[in-house]
Amino acid sequence: MSIELIVLDVDGTLTDGKITYSQHGDEIKSFCVKDGLAIASWIRLGKAVAIITGRESKIVARRAKELGITHFYQGIHNKKEVLEGILSDLDLTMENVAAIGDDLNDTSMLKAAKIAFAPANASVYTVQIVDRVLRNRGGEGAVREMIEQLIMDEQLEKEYLALWDYE
């Protein structure tokens, strides 16, 4: 079975895990553009992406929209339950899922996925349950690294590089 869906946590995975507030109370987050390019590429390859996050943030909603991520869930306590609903909608199974997370609230989702990843700076407990610990830290290309590993695993390098006229 091939991986058809990647599931992303946000804080500590797509971001460095820091939450900054301005003096006016606005929340500020930074995202790695390299992660974004890989996510957009995965979607262009006809694959699906979901964000399931425990927090709620307008900034994350904006980033998901920019990247074309249609399966977007915020304020979620039971990530595995939401993932099961997505799989039902897409007519997929856990055998088609790769997931990335960095902390204890990602455990059920990571344990259920066919392939589980964690950024280099994930919780010591999280790295014990995943299949692959990445070299990159959350917010610093970890999602890009995961996607490129999956592209190599799935032997999609030619199609991936062709998206960007790479020769």
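All chains use their own residue numbering, which begins from 1 and follows the written sequence. Restriction of local features to residues with pLDDT of at least 70 applies here, the model being predicted, together with a cutoff of 80 or more for giving and counting side-chain atom pairs; totals for whole chains, interfaces and linings are based on all residues. Values shown for side chains rest on all heavy atoms present in the structure; no hydrogens or waters enter the calculation.

## A short note on the pairing of strand 7 (residues 115-118)
Then step 1. Remark: exposure states derive from per-residue accessible area (1.4 Å probe, protein chains only) relative to the maximum for the residue type, with buried under 20%, exposed over 50%, and partly exposed in between. Helix and strand labels come from DSSP, where a helix needs a run of H or I of at least four residues and a strand needs a run of E of at least two; each type is numbered from the N terminus. Residues I115 and F117 point to one face of strand 7 and A116 and A118 to the other, with burial holding for every one of them.
Then step 2. Two elements, strand 6 (residues 97-100) and strand 7, share three bridges in a ladder whose sense is parallel. Opposite A99, over in strand 7, you have A116 as the bridge partner.
Then step 3. Handedness of a crossover: with both strands directed away from the viewer, a clockwise path from the first strand across the helix to the second marks it as right-handed. After leaving strand 6, the chain enters helix 4 (residues 107-112) and then returns to the sheet as strand 7, a path that is right-handed.
Then step 4. Pairing geometry for strand 7 and strand 8 (residues 132-133), over two bridges, is parallel. The residue bridging F117 from the neighbouring strand is R132, located in strand 8. Between any two strands, pairing holds if DSSP finds at least two bridges.

## A look at the pattern of salt bridges
Then step 1. Counted as salt bridges are all cases of a side-chain nitrogen of Lys or Arg within 4 Å of a carboxyl oxygen of Asp or Glu. By the definition in use, this model includes 14 salt bridges.
Then step 2. Ionic pairing is found between R55 and E27, a salt bridge with its closest N-O pair at 2.9 Å. Here the residue R55 occupies a position in the loop between strand 4 (48-52) and helix 2 (58-67), and E27 occupies one in strand 3 (residues 27-28), the gap between them amounting to 28 residues.
Then step 3. For R55, a relative accessible area of 28% gives the class partly exposed.
Then step 4. Among the ionic pairs, R63 bridges to E66, the shortest N-O distance being 3.1 Å. Linking R63 with E66, this pair stays in helix 2, spanning three residues, or about one helical turn.
Then step 5. On the accessibility criterion, E66 (47% relative accessible area) is partly exposed.
Then step 6. Linked by salt bridges that have partners in common, D11, E27, K29 and R55 make up one network.

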